[in-house]
Every structure is written in C-alpha cells, then in structure tokens.
Amino acid sequence: MCIRDRYRMFAVFEPLYNVLMPKFRDEHEALSSLLALASNLCVGSPAFRRDFLGLIDRALRDFEEVFRPTASKFLRLQRQICSLLANLLNEASFQERLLREQTLLTLIAVKLDLTFDTKEKIVSKRYISFVECIFALFANLTVIIIENPGRLSLFEGYRLPQRLLPILSMDKSDAKYTTILQRGLSIISRVIADQPELITADAFKLFANFIDESCQKNGLLGHAQRILIKFLAKRNCERIAQFESQIPEAMQKIQTELVRMINTETDETIYSNGCTLGCSIVDFSIEYALGLRGVIQNLINKVKDKTGSVRKNSGLLLARLAKHPALIEEIRNLHGIELLMSLSCLLYTSPSPRD
C-alpha cells in the first residue's frame, strides 16, 4: 500500500499530488511539499485555515501514524506536520482540540529523545530544523496553556520540560543551535514556576551557563535571567537548600556576571532583570550579598540619575544589599541610605522580570 493510501487526509490534495509527484524522488518528498504548501496557506489565508480544519479530525489520526515510524525518511514529513499544527493554532477553535491530543503530542515530544540520542544526529541540519519546528509548536502551545493554569497538567503526559534540559546543554556558542536554544529557554521560562521537578542542581548549573555576555548577543541571556528569577522564588527555597552545596561555582559565576552586567549594561531590560535576579539571590540567602558588593556605587549612581524601572530596580537591589551588616556602612558612607529613604514609596513593591 502506498503512503498516500495509508494516510487518508492526503486525498484532499489528490489533483495537486498527481501534478507534483513526477517532480520528486518519492512520495515522502511529494507529501512533505504538499504539507508545506498547506502550512503556508494556513498562515496567509484565514479562510483556507478554517476550511482545512474541517478535515482535522481525520488528519490528526493520520498524523499519529506518521509519527510512529523512527526511520529518517519520515523526518521531513514529520517536520512539516509540526509546522502545520503550529500555524493552525492561530484558530482559537483548534487550540482546545489539539490540547486534547495527548497521544499525538506525546509521540512528537518523544521524537526529541530519539533525535538527540547521538552526536551524529545533533550536527545534522535536517534534525536541527526538525527540532526547531517541534519547539515552535510547543512554544505556541505553552502560551495557550499558561493562560489557564488548569491546563498545566497537560504537560504531565509528554514531560516536555524534562526533555528540553538535555537539549539545552548544546554548545551555545554554535550559531546553528541558537534558534533551538532560544525557543527551548522561552518554553522553560513560561512553565518553570509550575514545574517543581525542574528545581535541581543540574538544572541550575545549566541555566547559569547562559548568564554571560556572549548570550546577550544571540538573545539567550534574557530568557535565562527570567528562568533563574523564577527558579529562586521563595516557594523553591526549601528544595534549593537541599542541593545548595552542589552549586557554589554556578552561583559565583552568576554573581560575577551580574556585577559586570549591572556596572556596564546599557539595555534597560537586561539591566533591570539583572537587578531583579540579584534581589532573588539575596532573598534566597543574605550571605550572597557580599558577592554583589561591586555594584553598590553604580546602583547609587542609577538611583540618583535615572528614572522609571531602572531607578526602581536599582533601589530595590540596593535595599537588599543594605540588609547585610558588612555592607550597610559602605552604603551609608556613600549616602545610599538617604537615597533609599527618598525611594521608600517605590520600594514597597516586589521586583519582577521584564519581557
């Protein structure tokens, strides 16, 4: 039986399929091209997208069958299905429908394990492109899920956050992985607050690895900042305390980078999130305030000279550092206490990460 007969939904493309088939080496390529066409039409034509949804019940069953084989010849077809599903999510009526497809979503998520199980596959462009499409699909799903906390249980079926961590250990300096890392970190930043199983020593070390200057250039730094701010939230303190002895080097690296960042950064969002992360570290343990001693003068200058979120977040971090008995005298001698008094109305609010 040919692949076209196995997957019934492709019958809707029969006329076009007959025209295209002679131009491709095999049916997988022809059907992949048809799905790519459908995916592009779903983006450019809302009317086509709505009409296509009339076929979706049958199509989803066929998509499951496409994702069951592990042979690499199915990879392009699977990639186009992920792209098509991501674009169909622009229709609100399809969002709930896809979220109920736990078997299909699990089959797709499992492909992450199979795709990155060998070094050879990691360097393949087609595998990288495939994972980018999977991440695009799940990134769109994540946005929908977090709008309703009751849907977070849907993650339990395909354990996506846990599957992301090994993938995020790829070489961040290699440009071909940038899109995967950006999308992966973005997904983690949205769900980590409700995924306590991600609060581990290994995960902390992994996220800390993205707090450096090189990650600002490719857009990874901002995601890592937001992840660590949520990682260090008060509700996680007891869990973190159990493995705190395993992360001193990672914590020191973060503190060193925060000192550099706060003293030199010109991007307001990166700066403000750096201050917020500093607050989270000091809130976790006041002893870590000493590692941020080098930012005191710059924080005072920012409180004096800046306005808005930069001034507020500078003041919030300065106030945290002033709680340490070894730092308060230094801050007082630099007239930082008077500045904090003038900011008292702003400092009643808690710091929060900026997007």
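In this convention, every chain numbers its residues from 1, walking through the sequence in written order. pLDDT decides what is reported in this predicted model: residues at 70 or higher carry local features, side-chain atom pairs at 80 or more are listed and counted, and totals for whole chains, interfaces and linings draw on all residues regardless. Note: side-chain values were computed over all heavy atoms of the structure, leaving out hydrogens and water.

## Regarding the overall build of the protein chain
Helix and strand definitions follow DSSP, with helices as H or I runs of at least four residues and strands as E runs of at least two, each counted in order from the N terminus. In terms of helices and strands, the protein chain carries 23 helices and zero strands. Once local pairs closer than 6 in sequence are excluded, the contacts in the protein chain between residues at least 24 apart make up 72%. Shrake-Rupley sampling with a 1.4 Å probe provides the accessible areas, and residues are treated as covered by the protein chains on show and by no other component. As presented, the protein chain carries roughly 16000 Å² of accessible surface, and 50% of it is formed by carbon and sulfur atoms. Here a residue-residue contact requires only that any non-hydrogen atoms of the pair lie within 4.5 Å.

## Digging into the packing of helix α14 (residues 201–208) against helix α18 (residues 248–264)
Note on geometry: axes are lines fitted to C-alpha atoms, helical ones only across the stretch in contact, with angles between N-to-C directions running from 0 to 180 degrees. At a closest axis distance of 9 Å, the pairing of α14 and α18 adopts a crossing angle of 25 degrees. In terms of their interaxial angle, α14 and α18 are classed as roughly parallel. Considering the relative orientation of α14 and α18, their crossing is left-handed. Facing F204, K205 and A208 of α14, the residues of α18 in contact are A250, M251, K253 and I254. The residue inventory of the contact of α14 with α18, partitioned by class, reads five nonpolar, no polar and two charged. Orientation labels follow simple angle bins: below 35 degrees gives roughly parallel, above 145 gives roughly antiparallel, 65 to 115 gives roughly perpendicular, and whatever is left gives oblique. In this scheme the crossing of two helices becomes right-handed for a clockwise turn of the near helix relative to the far one and left-handed for an anticlockwise turn of less than a right angle. Residues were grouped as follows: Ala, Val, Leu, Ile, Met, Phe, Trp, Tyr, Cys and Pro as nonpolar; Asp, Glu, Lys and Arg as charged; and all remaining residues, including Gly, as polar.

## Here we look at unusual backbone geometry
The phi angle at H335 is positive, at roughly 65 degrees, despite the residue not being glycine. Here H335 is to be found in the loop between α22 (328–333) and α23 (336–342).

## Examining the packing of aromatic side chains
What counts as a ring pair is set by centres within 6.5 Å for rings of Phe, Tyr and Trp (its six-membered ring), and what kind of pair is set by the plane angle: stacked under 30 degrees, edge-to-face over 60, tilted for all other angles. The tally for this structure, following the rule as stated, stands at three aromatic pairs. Ring centres 6.2 Å apart and planes at 75 degrees place the aromatic pair F207 and F231 in the edge-to-face group. Taken together, the residues span a long stretch of sequence, with F207 in helix α14 and F231 in helix α16 (residues 220–231) at a distance of 24 residues. The two residues F207 and F231 agree in class, both being buried. Taken together, the aromatic side chains of F204, F207 and F231 make up a single cluster linked through ring pairs. Exposed residues in this analysis have more than 50% of their type's maximum accessible area, buried residues have under 20%, and partly exposed residues fall in between, with area computed by a 1.4 Å probe over protein chains only.

## A word on the pattern of salt bridges
For salt bridges, the criterion is a side-chain nitrogen of Lys or Arg within 4 Å of an Asp or Glu carboxyl oxygen. In the structure shown here, the tally under the stated rule is nine salt bridges. Close ionic contact of D212 with K172 constitutes a salt bridge, the shortest N to O distance being 3.5 Å. Here D212, found in the loop between α14 and α15 (213–217), pairs with K172, found in the loop between α12 (160–167) and α13 (178–191); they are 40 residues apart in sequence, far enough to count as distant. The same class applies to D212 and to K172, which are both buried. The network of salt bridges with common partners includes E64, E65 and R68.

## A word on helix α21 (residues 308–321)
At 3.6 residues per turn, the α-helix brings residues three or four places apart onto the same side. Its 14 residues place the ends of α21 20 Å apart at the C-alpha level, agreeing with the 20 Å of an ideal helix rising 1.5 Å per residue. Within α21, burial applies to V310, N313, S314, G315, L316, L317, L318, R320 and L321. Looking at the buried side of α21, the elements it contacts are α18, α19 (268–284), α20 (296–305), α22 and α23. One less than the number of residues in a helix, times 1.5 Å, gives the span that helix is expected to have.

## Looking at α13
Compared with the 20 Å implied by 1.5 Å per residue over 14 residues, the 20 Å span of α13 between its first and last C-alpha is a close match. For α13, the tally of buried residues reaches 10 of 14 residues, placing the bulk of the element in the interior. Within the sequence span of α13, burial applies to T178, I180, L181, G184, L185, S186, I187, I188, S189 and V191.

## Points about the packing of helix α10 (residues 125–146) against α13
Put simply, α10 and α13 touch, their axes get as near as 9 Å, and they point 20 degrees apart. It follows from the interaxial angle that α10 and α13 lie roughly parallel. Crossing of α10 over α13 shows left-handed handedness. Contact residues: I128, V131, E132, C133, F135, A136, F138, A139, T142, V143 and I146 in α10; T179, I180, R183, G184, I187, R190 and V191 in α13. Residues belonging to the contact of α10 with α13 are distributed by class as follows: 12 nonpolar, three polar and three charged.

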